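Listed below, chain by chain, are the residues.
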Amino acid sequence: MNLTSIGQDSHRFEPDGSRKPLVMGGIVIDGCAGLAGNSDADVVLHSITNAVSGISCVNILGKVSDDICLKQGVTDSKVYLQTAVDTLDGYRIVHVSITIEALRPHLARHIPAMRMSIATLLGLETNHVGITATTGEGLTAFGRGEGIQVFTILTVELCK
Ligand SMILES: [Zn+2]
């Protein structure tokens, strides 16, 4: 049996002058402001983490991730994602489809590296990590370059 879930996340950019790096899908993207948040603010991994919670019904972003971040000092969103994956009792991730709305940075040339990074994190073949990106054409805060929004559709299969 397969199940499908959705996850979403968004962050605003750090103010001008911030030196926080931009981290998306577990990779650092140079040449663009970082995103605001207690953690590394990896909006892509947070979106996937929420999609995983949509299967397990165990919410990680929020109280659990705040405990990991603020009490244990772990700001690497890969840890939050792994914490969520660990709650997927009996289900195996088979495909992830991600769509990003951002005026900046220009994402097309970063998509191959993001796909490889996410595939490694989730134990998938790269061809089971699809990522599309749109500039949003100024219609929303994301399309105006104020932040980045990500949606993830996750497919899992029952494995026991
Ligand atoms: Zn987030």
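The rules behind each value
Residues numbered from 1 in each chain as written. Predicted model: local features only at pLDDT ≥ 70, side-chain atom pairs only at ≥ 80, totals over all residues. Heavy atoms only, no water. Phe/Tyr/Trp six-rings, centres within 6.5 Å; stacked < 30°, edge-to-face > 60°. Lys NZ or Arg CZ within 6 Å of the ring centre and 35° of its normal. Buried < 20%, exposed > 50% of the residue type's maximum accessible area, 1.4 Å probe, protein only. Helix = DSSP H or I, 4+ residues; strand = E, 2+ residues; numbered from the N terminus. Arc of directions from axis to C-beta. Contact = heavy atoms within 4.5 Å. Polar contact = N/O pair within 3.5 Å; in protein donor to acceptor, adjacent residues only side chain to side chain. Pairing = 2+ DSSP bridges. Axes fitted to C-alpha atoms, helices over the stretch in contact; angles between N-to-C directions.

Description of the packing of aromatic side chains
On inspection of all chains with the given rule, the structure shows zero aromatic pairs. Of note, Arg-104 hangs over the ring of Phe-13, and the distance from its end group to the ring centre comes to 3.9 Å.

Let's talk about helix 3 (residues 77–85)
Among the residues of helix 3, Ser-77, Tyr-80, Leu-81 and Ala-84 are the ones counted as buried. Taken end-on, helix 3 shows its buried residues confined to a sector of 100°, consistent with a single buried face. As for helix 3, its buried residues are in contact with helix 1 (43–56), helix 2 (63–71) and helix 4 (111–122). The backbone nitrogen of Lys-78 lies 2.9 Å from a side-chain oxygen of the residue at the head of helix 3, namely Asp-76.

Considering the sheet that holds strand 4 (residues 91–101)
One open sheet holds the four strands; their spatial order is 1-6-4-5, and the pairing between them is mixed. Either end of the sheet is taken by a strand with one partner, and the two such strands are strand 1 (2–12) and strand 5 (129–134). The mean inter-strand angle of the sheet, taken between neighbouring strand axes irrespective of direction, is 15°. With eleven bridges joining them, strand 1 and strand 6 (residues 147–158) adopt antiparallel strand pairing. By the bridge assignment for strand 6, Arg-12 is matched with Gly-147. Packing of helix 4 onto the sheet brings it into contact with strand 4 and strand 5, and relative to strand 5 it is tilted by some 140°.

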